[in-house]
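# Descriptive analysis of the structure
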Amino acid sequence: MAEMAGMTGTGCNKKQEQFSVVEYYEKMREMGCFSFQDITDMVGEPSAVKYLVNDYQRKGYIDRIHRNLYTVMDTETEQPMLTRYQIGSRLFSDAYISHRSAFEAWGYAPRMGNEVFVATQTRFTDFRYNGVFYRRTLRKMGADTEWVSGSLVTSLEQTVVDCLHNFEGIDGLEEVVECIVRLPQLDADRLLACLERYGNGYLYQKCGYVLEQLQSYVRLQEGFYRECRAHCASTVRYMLKGKEGLVYHKGWGIYAPYIKWREICGL
């Protein structure tokens, strides 16, 4: 093929070589994120793919994200064309953005962190790309997801439930609360559906307790809290390890840390 000859330096003139560059670059822009195999399928000449990848990387048209995954670059800004969340949700075919990263993708996190949580069944070692750590979390079957600005992200309700299920320490809980108070009206039925998929009585306790403390912001119907109480674990639970500094809340059968709710919500 004359086009392949141009890329391998066997006689194609400059005009033909530039045309091939534009053609493949535009296709890559459409894909945004792609694997080595995607490039092979695009070019159609396996023997030329390695050269093309190396050439495009050298010229700044594409960049390697992780292993055999690449992203197209903006040649003016020299930054990836995709956002960190778009990249994360394209790492694997079943991937989506979850937990605090989902709040960020939705635009309701008060601060942007330096990591992106990627939910997938595919095992991968956490890695860093372009200053961002991509961390794996287990994909939840049937998770409630939506497309947000080109990224597959957990719904607000799913994100609330996931975060209250997995927060770490009082600082982690306070971070979740900071996000929740910024959310628009949550759908009680979707929240309950997310809780039902977990099937965890303790999670009903935690969600019911925390959201009730924030009722002036979330404005959920009493029926939601009644349903949570109906599924609560029968034993008293502790929201944090250890018993020091925890306050017992009889209505939820839970020991929770003392949190300055008003101060957090006023941020």
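The structure contained in this document is the topic of the report that follows. All residue numbers refer to position in the chain's written sequence, counted from 1. Only residues with pLDDT of at least 70 are given local features in this predicted model, and only at 80 or more are side-chain atom pairs given and counted; all residues enter the totals for whole chains, interfaces and linings. Where side-chain values are given, they derive from all heavy atoms of the structure, hydrogens and water being excluded.

## Thoughts on the pattern of salt bridges
Whenever a carboxyl oxygen of Asp or Glu lies within 4 Å of a side-chain nitrogen of Lys or Arg, that contact is scored as a salt bridge. All told, the structure shown has 13 salt bridges when counted by the stated rule. For Glu-175, the salt bridge goes to Arg-100, with nearest N and O atoms at 3.5 Å. In this pair, Glu-175 is assigned in helix α8 (residues 169-180) and Arg-100 in helix α6 (residues 99-106), connecting sequence segments 75 residues apart. Only protein chains enter the accessibility calculation, which uses a 1.4 Å probe. A residue is then buried if its area is under 20% of the maximum for its type, exposed if over 50%, and partly exposed in between. Looking at Arg-100, the relative accessible area reads 16%, which means it is buried. One salt bridge in this structure joins Glu-146 and Arg-190, with 3.0 Å as the shortest N-O distance. Of the two residues, Glu-146 is situated in strand β9 (residues 145-148) and Arg-190 in helix α9 (residues 188-198); the sequence distance between them amounts to 44 residues. The exposure class of Glu-146 is partly exposed, given its relative accessible area of 26%. Arg-190 sits in the partly exposed class, given a relative accessible area of 28%. Each of the salt bridges in this network shares a partner with another, and the network as a whole consists of Asp-144, Glu-146, Glu-157 and Arg-190. Counting from the N terminus, the helices are the DSSP runs of H or I reaching at least four residues and the strands are the DSSP runs of E reaching at least two.

## Points about the side chain of Lys-206
On the secondary structure map, Lys-206 appears in helix α10 (residues 201-213). Residues scored as positive are Lys and Arg, those scored as negative are Asp and Glu, and His as well as the terminal groups of each chain are ignored. For the buried Lys-206, no salt bridge is present, and the opposite-charge side chain at shortest range is Asp-162, 11 Å distant. For this analysis, a polar contact is any N or O atom pair within 3.5 Å, provided that within protein one partner can donate a hydrogen and the other can accept it, and provided that sequence-adjacent residues contribute only side-chain to side-chain pairs. For Lys-206, the side chain forms a polar contact with the main-chain oxygen of Leu-164, separated by 2.9 Å. Note on contacts: a residue pair qualifies if any of its non-hydrogen atoms lie within 4.5 Å across the two residues. In contact with Lys-206, not counting residues within four places along its chain, are Leu-164, His-165, Phe-167, Met-239 and Ile-254.

## Observations concerning the nonpolar core
Residues grouped as a nonpolar core are buried Ala, Val, Leu, Ile, Met, Phe, Trp, Tyr and Cys residues, joined through side-chain atoms within 4.5 Å. Counting residues in hydrophobic clusters, the biggest one holds 42 residues, and the most contacted among them are Val-160, Leu-195, Leu-211, Leu-220, Phe-224 and Met-239. In terms of residues, this core owes the most to one element, α10, which gives seven residues. Apart from the residues lying within four places of it in its own chain, the contact partners of Met-239 are Phe-167, Leu-173, Tyr-202, Lys-206, Tyr-209, Val-210, Ile-254, Tyr-255, Ala-256 and Pro-257. Judged by nonpolar contacts, the second largest core, of 21 residues, contains Cys-33, Met-73, Tyr-85 and Val-153.

## Some points on the pairing of strand β10 (residues 151-154)
Here β10 shows two buried faces, one formed by Ser-151 and Val-153 and the other by Leu-152 and Thr-154. At least two bridges found by DSSP between two strands is the condition for calling them paired. Pairing geometry for β9 and β10, over four bridges, is antiparallel. Within β10, the residue paired with Trp-147 across the bridge is Leu-152. Remark: two residues form the turn of the hairpin made by β9 and β10, two consecutive strands paired antiparallel; Ser-149 in that turn has positive phi of roughly 50°.

## As for helix α12 (residues 222-231)
Taken residue by residue, α12 has Phe-224, Tyr-225 and Cys-228 as its buried positions. Here the buried residues of α12 occupy an arc of 95° about the axis, which is enough to place them on one side. Those residues of α12 that are exposed and aimed more than 90 degrees away from the buried face are Arg-226 and Ala-230. Along its buried surface, α12 packs onto α9, α10 and α11 (215-218). When we speak of the arc, we mean the arc of directions from the helix axis to the C-beta atoms.

## Re the layout of surface pockets
Buriedness for pockets is judged along seven lines, at least five of which must meet protein on both sides within 12 Å for an open set on the 1 Å grid over protein atoms alone, while cavities are sets there where a 1.4 Å probe fits but cannot get out, and lining residues have an atom within 4 Å of a point. Grid points are joined across faces, edges and corners, and a volume is the space filled by probe spheres set on the points. Of the pockets and cavities examined, the largest pocket occupies roughly 490 Å³. The wall of the largest pocket is formed by 21 residues, among which Arg-100, Glu-115, Phe-117, Glu-168 and Glu-175 lie closest to the centre. When contributions to the lining of the largest pocket are tallied by element, the ones reaching two or more residues are α6, β6 (115-120), β8 (132-138), α7 (156-166) and α8. Gly counts as polar in this scheme, as do all residues outside two lists: the nonpolar Ala, Val, Leu, Ile, Met, Phe, Trp, Tyr, Cys and Pro, and the charged Asp, Glu, Lys and Arg. In the lining of the largest pocket, the residues fall into six nonpolar, seven polar and eight charged.

Everything listed here is a matter of geometry and, on its own, says nothing about what the molecule does.
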